[in-house]
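This is what each chain is made of:
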Amino acid sequence: MRLSRYFLPVLKETPSEAQIVSHRYMLRAGMIKQQSAGIYSWLPLGFKVLRKIENIVHEEQMRAGHIPMQMPTIQSADLWRESNRYDGYGEEMLRMQDRHGRDMLFSPTAEEMVTDIFRAHVNSYKDLPLTLYQIQWKFRDEIRPRFGVMRGREFYMKDGYNFDLTKEDALHAYNRHLVSYLRTYERMGLQAIPMRADSGPIGGDYTHEFLVLAETGESEVFYDSEVTDLTFGDRDIDYDNVAQCQGVMDEFTARYARTDETHDAEAFDEVPEDRRRIARGIEVGQIFYFGTTYSDKLGATVVDKDQKQVSVHMGSHGIGVSRLLGAIIEASHDDKGIIWPEGVTPFHCGIVNLKQGDEEADAACEALYDQLTNAGLEPLYDDRNERAGGKFATMDLIGLPWRITVGPRGLKNGVVELTCRRTGENEELTPEAAVAKVVEIFKPHHVRGL
Ligand code: P5A
């Protein structure tokens, strides 16, 4: 993309309504625009990162054997009356009527609807196990929407639902989700710690939240500092392998890590004092096992091997896709702007032309642009007639992890400059070597299209 042709409405001033850094930078970098409280337009740069995150979530869900689909945002109240959640959900549910006076609602989650699909089409244990998921807009009329996309009213969520014959099978699905979530967050450059949590309006007594540690997080968390040493890394996971998934689950949840809702001061005291931590965290996902709660109420049964009708065991699993943008920025920024991890960066590499209009500099930038593009990367070429300082400030603000700077002086010596946004380190390289290095850096971060 050439910046002169892009739509990147960066703001010079820091918007006064934004209280936390991720919200400030998302507004300043022209990623989002608020349209109503907690409701945002996703401008091109923000939309690009949203799609990158979404694609990683899809890849990891499909790798775990889960099946993508899409359900509507507007649902009938009757389905929610069947599960007894229509009245109980309270003010957070946005309710409306259609022209025939039928009660409708904007889906805050989709346990009921997916169970309705299941009961209409699945009759036999032979069709299990089954996990369906979607990435879809949700609406919750939060009492206090704040911090930009962090607590929105309209937000983008991956929601998945497993259907299993037995509790054991459903607990395997739970573990499988835990494993796939760890891998998902790590690909985004995040450490998200699974913590024992409270199930809230989703129900059930078996649930973990995934928290990214950040001072601006809304949840108070208590944990053994050893949990922060755990990484998922490059493990080869067979998602059908029950023992292997259980092993990862045990390894990651053996140490004390809880949100304030489930905090147990006595148990926490058993953690050695120098490892006890009280901090804040951003909830970027939550997984639930709730057994037959919904399948009993909605009549989602299958015949088992003995031809008996049994309710299926279920769980649901959510990732806050739009919230993740905020979480990533909270975890990765400096005083100049965002620092995108390679896995989610909107463009892979910036190209800054120090002397627009200089024949050689222009030609060198065009060549770099073509070579990076041909290698399957997306460069952002700042081809505007602007001062170098302004170009650097924009690149730093929008957070591209790598930048190639091209100027007549370097070109005389046959070199350009490659700069790492995170460390600030500069390296003089031939244009070919700079391209080769950037291509190499992004090899492990390739996100396939869908
Ligand atoms: C699991 C999927 C559920 O709704 N039903 C389907 C279950 N879980 S949850 O914990 O309530 O939400 C899942 C994740 O969505 C994000 N989230 C939000 N993001 C932005 N703004 C909000 N108002 C908001 N509410 C929830 C969180 O990341 C949460 O973990």
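Look up: the structure comes first, before these words.
Residues numbered from 1 in each chain as written. Predicted model: local features only at pLDDT ≥ 70, side-chain atom pairs only at ≥ 80, totals over all residues. Heavy atoms only, no water.

Draft legend 1. View of the overall build of the protein. Of regular secondary structure, the protein possesses 13 helices and 23 strands. A compact globule built from 450 residues should have a C-alpha radius of gyration of about 22 Å, and the protein, at 24 Å, falls within 12% of that. C-alpha atoms of the protein, sized along the principal axes, occupy 80 × 60 × 40 Å. The contacts of the protein with a sequence gap of at least 6 include a subset with a gap of at least 24, amounting to 72%. By element, 46% of the accessible surface of the protein is carried by carbon and sulfur atoms, the whole surface being about 20,100 Å². Distance between charge centroids for the protein: 4 Å, based on 53 positive and 72 negative side chains. (Helix = DSSP H or I, 4+ residues; strand = E, 2+ residues; numbered from the N terminus. Rg over C-alpha atoms; globule rule 2.2 N^0.38 Å. Contact = heavy atoms within 4.5 Å. Areas by Shrake-Rupley, 256 points an atom, 1.4 Å probe, with all protein chains shown as cover. Lys, Arg positive; Asp, Glu negative; His and termini not counted. Charge placed at Lys NZ, Arg CZ, Asp CG, Glu CD.)

Draft legend 2. Structural detail: empty space enclosed by the protein. Evaluation of the coordinates by the stated rule reveals 2 cavities of 30 Å³ or more. When its volume is computed, the largest cavity comes out at roughly 110 Å³. At the level of elements, α5 (167-187) and β9 (192-196) are the ones that each hand at least two residues to the lining of the largest cavity. In terms of residue count, the dominant contributor to the lining of the largest cavity is α5 (4 residues). G38, Y40, W42, W137, V149, G152, E154, F155 and S322 together form the lining of the second largest cavity. Listing elements by their share of the lining of the second largest cavity, those giving two or more residues are β2 (39-42) and β8 (154-164). Across the lining of the second largest cavity, the residue classes tally to 5 nonpolar, 3 polar and 1 charged. (1 Å grid on protein atoms, 1.4 Å probe; cavity = no way out; pocket = protein on both sides within 12 Å on 5 of 7 lines; lining within 4 Å. Points joined across faces, edges and corners; volume = space filled by probe spheres on them. Nonpolar A, V, L, I, M, F, W, Y, C, P; charged D, E, K, R; others polar.)

Draft legend 3. Up close: the sheet that holds strand β6 (residues 103-106). One open sheet holds the 3 strands; their spatial order is β4-β6-β5, and the pairing between them is antiparallel. Two strands bound the open sheet, and with one partner strand each, they are β4 (74-76) and β5 (94-97). Neighbour to neighbour, the strand axes of the sheet diverge by 35° on average, direction disregarded. Where β4 and β6 come together, 3 bridges link them in antiparallel fashion. When the bridges of β6 are listed, I74 appears paired with F106. (Pairing = 2+ DSSP bridges. Axes fitted to C-alpha atoms, helices over the stretch in contact; angles between N-to-C directions.)

Draft legend 4. View of the side chain of K138. Secondary-structure assignment places K138 in strand β7 (residues 130-139). Residue K138 is classed as buried on the basis of its relative accessible area, which comes to 0%. A distance of 2.8 Å separates a polar atom in the side chain of K138 from a polar atom in the side chain of D159. Excluding residues within four positions of it along the chain, K138 makes contact with F106, S107, P108, T109, R153, E154, F155, M157 and D159. (Buried < 20%, exposed > 50% of the residue type's maximum accessible area, 1.4 Å probe, protein only. Polar contact = N/O pair within 3.5 Å; in protein donor to acceptor, adjacent residues only side chain to side chain.)

Draft legend 5. Examining the site of the ligand more closely. By nearness alone, 23 residues border the ligand, and E111, R140, E142, G152 and E283 come closest of all. Within the side chain of E283, an N or O atom sits 2.4 Å from an oxygen atom of the ligand. Contact between the ligand and R323: a nitrogen atom at 3.5 Å from a side-chain N or O atom of the residue. Summarising the interface, the protein chains cover 96% of the accessible area of the ligand, which totals 590 Å² for the free molecule. Here the ligand occupies the largest pocket. Mapped by element, the contributors of at least two residues to the shell around the ligand are β8, β13 (276-291) and β16 (313-320). Looking at the shell around the ligand, the element that brings in the most residues is β13, giving 5 residues. (Near = heavy atom within 4 Å. Sits in = over half its atoms within 2 Å of the grid points.)

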